[in-house]
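# Topology and contacts: notes
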Amino acid sequence: MWSSLNEWLWQDRFWLPPNNSWADLEDRDGLVYAHPQDLLAALPLALVLVAMRFTFERLIGLPLSRWLGVRHQSRRPVEPNATLEKHFLMEGWRPDKPRMAVLATQCGLTLRQTQRWFRKRRNQDRPCLTKKFCEASWRFLFYLCSFIGGLSVLYHPLKPALYCWYLLELSFYISLLMTLPFDIRRKDFKEQVAHHLVTIILITFSYSANLLRIGSLVLLLHDSADYLLEACKMFNYTHQRRVCNSLFLIFSLVFFYTRLVIFPTQILYTTYYESIANSGPFFGYYFFNSLLVILQLLHVFWSCLILRMIHSFIKKGQMEKDIRSDVEESASSEGEELPQLKNGAAQGPPAVPTDGPRSRAAGRLANGHMLAS
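These numbers come from a predicted model, not from an experiment.

### Observations regarding the overall build of the protein
A count of helices and strands for the protein gives 14 helices and zero strands. Taken over 373 residues, the protein has a buried fraction of 40%. Once local pairs closer than 6 in sequence are excluded, the contacts in the protein between residues at least 24 apart make up 77%. If you sum the accessible surface of the protein, you get close to 21,900 Å²; carbon and sulfur atoms cover 63% of it.

### Observations concerning the packing of aromatic side chains
Considering all chains together, one arrives at 19 aromatic pairs under this definition. Measuring from centroid to centroid gives 6.2 Å for Phe255 and Phe256, while their planes differ by 80°, and the two rings are edge-to-face. Across the pair, exposure class does not vary: Phe255 and Phe256 are buried alike. Three or more aromatic residues link up through ring pairs in this structure, and these residues are Tyr269, Tyr272, Tyr273, Tyr285 and Tyr286.

### Thoughts on the pattern of salt bridges
If you walk through the whole model with that rule in mind, you get eight salt bridges. With a closest N to O distance of 2.8 Å, Glu57 and Arg53 form a salt bridge. Of this pair, Glu57 and Arg53 both sit in helix 3 (residues 42–67), four residues apart, roughly one helical turn. The class of Arg53 is buried, set by a relative accessible area of 3%. Residues Glu135 and Arg186 are paired through a salt bridge, measuring 3.6 Å at the closest nitrogen-oxygen approach. Here Arg186 lies in the loop between helix 8 (160–178) and helix 9 (189–208) and Glu135 lies in helix 7 (residues 129–152), a separation of 51 residues in the sequence. Neither residue differs from the other here; Glu135 and Arg186 are each classed as buried. Put simply, Arg53, Glu57, Glu135, Arg139, Asp183 and Arg186 are held in one network by salt bridges that share partners.

### Details of unusual backbone geometry
The residue Asn210 is not glycine, and still its phi comes out positive at about 65°. In this structure, Asn210 sits in the loop between helix 9 and helix 10 (212–237). Take Asn210: its relative accessible area is 14%, and that puts it in the buried class.

### Thoughts on the UniProt feature "transmembrane region" (unreviewed entry) in the protein
The UniProt record marks residues 140–158, 164–182, 243–263 and 283–307 with the feature "transmembrane region" (unreviewed entry), using the residue numbering of this structure. Strand forms 0% of residues 164–182 and helix 79%; the C-alpha atoms that close the span are 27 Å apart. Helix and strand shares over residues 283–307 are 100% and 0% respectively, and the end C-alpha atoms of the span are 36 Å apart.

### Focus: the packing of helix 3 against helix 7
Viewed as axis vectors pointing N to C, helix 3 and helix 7 meet at an angle of 120°, and their least axial separation amounts to 9 Å. Between helix 3 and helix 7, the interaxial angle falls into the category oblique. Handedness of the crossing formed by helix 3 with helix 7: right-handed. Residues Leu49, Met52, Arg53, Phe56, Glu57, Gly61, Leu62, Leu64 and Ser65 of helix 3 form the contact with helix 7, whose own contacting residues are Thr130, Phe133, Cys134, Glu135, Ser137, Trp138 and Leu141. Looking at the contact of helix 3 with helix 7 residue by residue, the class counts come to nine nonpolar, four polar and three charged.

### Considering the confidence of the model for the protein
Scored by pLDDT, the protein comes out at a mean of 79, with 82% of its residues at no less than 70. Throughout residues 337–373 the model reports pLDDT below 50, and contacts reaching past four residues in sequence, or to other chains, amount to 23 contacts.

About the cut-offs
Residues numbered from 1 in each chain as written. Predicted model: local features only at pLDDT ≥ 70, side-chain atom pairs only at ≥ 80, totals over all residues. Heavy atoms only, no water. Helix = DSSP H or I, 4+ residues; strand = E, 2+ residues; numbered from the N terminus. Buried < 20%, exposed > 50% of the residue type's maximum accessible area, 1.4 Å probe, protein only. Contact = heavy atoms within 4.5 Å. Areas by Shrake-Rupley, 256 points an atom, 1.4 Å probe, with all protein chains shown as cover. Phe/Tyr/Trp six-rings, centres within 6.5 Å; stacked < 30°, edge-to-face > 60°. Salt bridge = Lys/Arg side-chain N within 4 Å of Asp/Glu carboxyl O. UniProt positions renumbered as here; feature names shortened; annotations may be inferred. Axes fitted to C-alpha atoms, helices over the stretch in contact; angles between N-to-C directions. Parallel < 35°, antiparallel > 145°, perpendicular 65-115°, else oblique. Left-handed = near helix turned anticlockwise from the far one by under 90°. Nonpolar A, V, L, I, M, F, W, Y, C, P; charged D, E, K, R; others polar. pLDDT = per-residue confidence, 0-100.

Okay, structure coming up:
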């Protein structure tokens, strides 16, 4: 049954242009072609990359972050509360105000105390800058090496170096999927998962169908901007604003040019029009181009996020935080209800100068005494 299904799935008419067969891609006359079974080595290599990543982050990324002055902000554990913890894990980590009031009653707490507990509990699960830096440094190293390696092996037909590059790229994206539960969860998590899945399928299909030239160009275009993004993150975590701002502008220009100009006008145009100039369309043609279109839609999505950051950069004069990332919440950002005085001011002594006669008068007023006439 399995052999019959495999034979049906890999029919020539599905994946290859008309009048072509898999026999045409067999090694002959000293020419070596791609074979789908070559990519099976990507699975164990992905596990090796995962181990290399954790080793790199521990032995290189962490010391490097400390040397560059990345601040590790320690957080106090939230006070144990079984009822609130159960709601946090099972029903949601941001309950609405009516539900918050019910939970406060059940736990014998005030509404403000319950709001504060959920805020601290959310902050407790947020990754620290050190973890972000280590993750960015590993990706920066891989994307930079991959980009340089891709430039050096971009030729056809298949050579061992090109096979190794393809295999490394496939293994890396498989490792990204494997480490998703441990990585920093950003707001574009679903888009990242979709991107990794589409990339893995594209790499596998382009290699199996001997579409190495177009597949290599797609990988190279992506790597050309990715290492700049990771470098920008690293300098952002070390609070080196000028370098970060400069890298962000360079990354934006490279991203827009490669993803919104070259990719649709050269890659998509070639695969959609020129690839069937001498033959009719087939299933593999629609399958391959559909995946490339999904990639382009993701490019547009991320371009909108970058434009929002550029708008903030122009407006405020410096790059703000990555809008995909969560930041630590404060009482004001969460909108916690603060106890009010009769005149509507928040309770607490006002800030007063520390010296001079006016400070003594202000201090008496702050303590509730009237100024003597």
